[in-house]
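Coordinate analysis (summary)
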Amino acid sequence: GAVVSQHPSWVICKSGTSVKIECRSLDFQATTMFWYRQFPKQSLMLMATSNEGSKATYEQGVEKDKFLINHASLTLSTLTVTSAHPEDSSFYICSASRASGQETQYFGPGTRLLVL
Amino acid sequence: SQQGEEDPQALSIQEGENATMNCSYKTSINNLQWYRQNSGRGLVHLILIRSNEREKHSGRLRVTLDTSKKSSSLLITASRAADTASYFCATNNYGQNFVFGPGTRLSVLP
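First, a word on scope: everything that follows refers to the structure included in this document. All values reported here derive from a predicted model rather than from experimental measurement.

Counting across every chain of the model gives four salt bridges over all chains. Glu-22 of chain A serves as the salt-bridge partner of Arg-24 of chain A, at 3.4 Å between the closest nitrogen and oxygen. Given the relative accessible area of 33%, Arg-24 of chain A is considered partly exposed. Assessed through its relative accessible area of 22%, Glu-22 of chain A is described here as partly exposed. For Asp-83 of chain B, the salt bridge is made with Arg-60 of chain B, and the minimal N-O distance between the two is 2.9 Å. Linking Asp-83 of chain B in the loop between strand S8 (71-76) and strand S9 (85-92) with Arg-60 of chain B in the loop between strand S6 (55-58) and strand S7 (61-66), this pair joins segments that are 23 residues apart in sequence. The buried category is assigned to Asp-83 of chain B, whose relative accessible area is 7%. Residue class for Arg-60 of chain B comes out partly exposed when judged on its relative accessible area of 23%.

Below, the structure written as structure tokens:
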């Protein structure tokens, strides 16, 4: 149990377009979902935390108007990279936990975004 | 600043040898977790050790935690080529968000 999926796994887009990434918990209800970004050969950096039905909490330095997060249900969170630029190219990973403050997060397989 | 910091940053060993990776952190923690990430893939949870525990085992994995030194180590015994991956520690402080270290890239040569 505790499987998290992401879609798409790969996306290539032109500069200026918006890209939506979905994160789904397949066999459990995720009260809290997290979005991370990972540049090549670097660690995961938390971008934002979202609780179902409320606004996401963004980490310092992450533009909330650039990275729109919607956690509309207990099994789905979406990250939309608006007006993507080449510097937004990265590996985006989501994770989910059953409750806020839970010590276990279940990670999705990641989405690789390449902005041309 | 980084909470968890692993060393070495990269480690190359022969198959069958043991691999040891270390993680240091700065603040109080509730637990520390180790994850593995194969190239271009998501994270796989390996083991969780709580602040009141000193050592944990899972198969070929052995994790230690020294809260006085704010450090943890991950030992992989009898390594295999399939263990080639990046290994991250992540600290968790009583319901706050995870903070990941920079990771150790392990290469196990056949």
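So, about the pairing of strand S7 (residues 67-73) of chain A. All names here are of chain A. Of the pairings in the sheet, the one linking S7 to strand S8 (residues 76-81) comprises five bridges and is antiparallel in character. From the neighbouring strand, Leu-68 faces S8, where its bridge partner is Thr-80. In this structure, the hairpin formed by S7 and S8 is closed by a connection of two residues.

In this section: the interface of chain A and chain B. In this complex, chain A contributes 19 residues to the contact, which on the side of chain B involves 20 residues. Taken together, the two surfaces of chain A and chain B that pack against each other cover about 1500 Å², and 51% of this comes from carbon and sulfur. Three residues, Ser-43, Glu-103 and Phe-107 of chain A, lead the burial of chain A against chain B; their summed loss comes to 37% of the area buried on that side. For the interface between chain A and chain B, the tally reads zero salt bridges. In this assembly, chain A and chain B are joined by three residue pairs in polar contact (both at pLDDT 80 or more). For the side of chain A that touches chain B, the secondary-structure elements that each account for two or more residues are strand S4 (32-38), strand S5 (44-51) and strand S9 (90-97) of chain A.

What follows is about the sheet that holds S8 of chain A. Paired through backbone hydrogen bonds, the strands of a sheet run either parallel or antiparallel to each other. All names here are of chain A. The strand order S1-S3-S8-S7 describes an open sheet built from four strands, whose pairing is antiparallel. Two strands in the sheet have a free side with no partner beyond their single neighbour: strand S1 (4-7) and S7. Strand-to-strand twist of the sheet, defined as the mean angle between neighbouring strand axes without regard to direction, takes the value 15°. Relative to strand S3 (residues 19-25), S1 is paired through four bridges, and the arrangement is antiparallel. Paired with Val-4 across the strands is Ser-25, a residue of S3.

So, on to unusual backbone geometry. With the exception of glycine, most residues fall at negative phi, and the peptide bonds are largely trans. The omega torsion of the bond from His-7 of chain A to Pro-8 of chain A falls at 0°, within 30 degrees of zero and hence cis. Relative to the elements of secondary structure, Pro-8 of chain A occurs in the loop between S1 and strand S2 (10-13). Even without being glycine, Ala-78 of chain B reaches a positive phi, approximately 45°. Its place among the elements puts Ala-78 of chain B in the loop between S8 and S9. Take Ala-78 of chain B: its relative accessible area is 40%, and that puts it in the partly exposed class.

With that settled, consider the side chain of Ser-43 of chain A. Here Ser-43 of chain A lies in the loop between S4 and S5. At 2.3 Å, the side chain of Ser-43 of chain A and the backbone oxygen of Gly-101 of chain B are in polar contact. If sequence neighbours within four positions are ignored, Ser-43 of chain A has contacts with Arg-37 and Gln-38 of chain A together with Phe-88, Phe-100, Gly-101 and Pro-102 of chain B.

Reading the values: rules and limits
Residues numbered from 1 in each chain as written. Chains lettered and ligands numbered in written order. Predicted model: local features only at pLDDT ≥ 70, side-chain atom pairs only at ≥ 80, totals over all residues. Heavy atoms only, no water. Salt bridge = Lys/Arg side-chain N within 4 Å of Asp/Glu carboxyl O. Buried < 20%, exposed > 50% of the residue type's maximum accessible area, 1.4 Å probe, protein only. Helix = DSSP H or I, 4+ residues; strand = E, 2+ residues; numbered from the N terminus. Pairing = 2+ DSSP bridges. Contact = heavy atoms within 4.5 Å. Buried area = accessible area lost by both parts, 1.4 Å probe. Polar contact = N/O pair within 3.5 Å; in protein donor to acceptor, adjacent residues only side chain to side chain. Axes fitted to C-alpha atoms, helices over the stretch in contact; angles between N-to-C directions.

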